[in-house]
Amino acid sequence: MDFLDFLRAALALVVTLGLIGVASVGVKRFAPGLLGRLQTRGGAKKRMQIVETLVLGPTQRMVLVRVDDAERVILLGEGRELPATETSRTPR
């Protein structure tokens, strides 16, 4: 393998990575919800949604999750999850 073959391979790698980068920027800019729409089944509405996250410490986090019409508070951290507490949902 001489120098020109090595240069050709390196240039092909740079062009390929550049095309991938341009495609990802284009998708982020012109179709930001594309990945989310592809992950849902037939445009169905998601049943679970993270409403809010609160960082309590370096290893602890409190998450407010909405499942159907109920909201639940979950405490995450230190390799364990504390039981979820159901909260009443106030209309917005």
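Residues numbered from 1 in each chain as written. Predicted model: local features only at pLDDT ≥ 70, side-chain atom pairs only at ≥ 80, totals over all residues. Heavy atoms only, no water.

Asks: Is there a simple way to explain the overall build of the protein chain in this structure?
Replies: Check the secondary structure of the protein chain and you find 2 helices and 5 strands. The order of helices and strands in the protein chain, counted from the N terminus, is α-α-β-β-β-β-β. Taking all 92 residues of the protein chain together, 9% fall into the buried category. Counting contacts in the protein chain only where the partners sit at least 6 residues apart, residues at least 24 apart contribute 3% of the total. In the structure as shown, the protein chain presents an accessible area of about 8,100 Å², 63% of it carried by carbon and sulfur atoms. (Helix = DSSP H or I, 4+ residues; strand = E, 2+ residues; numbered from the N terminus. Buried < 20%, exposed > 50% of the residue type's maximum accessible area, 1.4 Å probe, protein only. Contact = heavy atoms within 4.5 Å. Areas by Shrake-Rupley, 256 points an atom, 1.4 Å probe, with all protein chains shown as cover.)

Asks: Help me out: how do you make sense of the pairing of strand S3 (residues 70-77) in this one?
Replies: If a strand is regular, its side chains alternate between the two faces of the sheet. Pairing of strand S2 (residues 60-67) with S3 involves 8 bridges; the strand directions are antiparallel. Each bridged residue has a counterpart across the sheet, and for Arg 66 the counterpart in S3 is Glu 71. Remark: 2 residues form the turn of the hairpin made by S2 and S3, two consecutive strands paired antiparallel; Asp 68 in that turn has positive phi of roughly 55 degrees. (Pairing = 2+ DSSP bridges.)

Asks: Help me understand helix H1 (residues 3-30) in this model?
Replies: Residues separated by three or four positions in an α-helix point in the same direction, a consequence of the helix having 3.6 residues per turn. Spanning 28 residues, H1 covers 40 Å between terminal C-alpha atoms, matching the ideal 40 Å at 1.5 Å per step. With respect to burial, H1 is a largely exposed element, only 0 of its 28 residues being buried. (Expected span 1.5 Å × (residues − 1).)

Distances and angles like these do not, on their own, reveal function.
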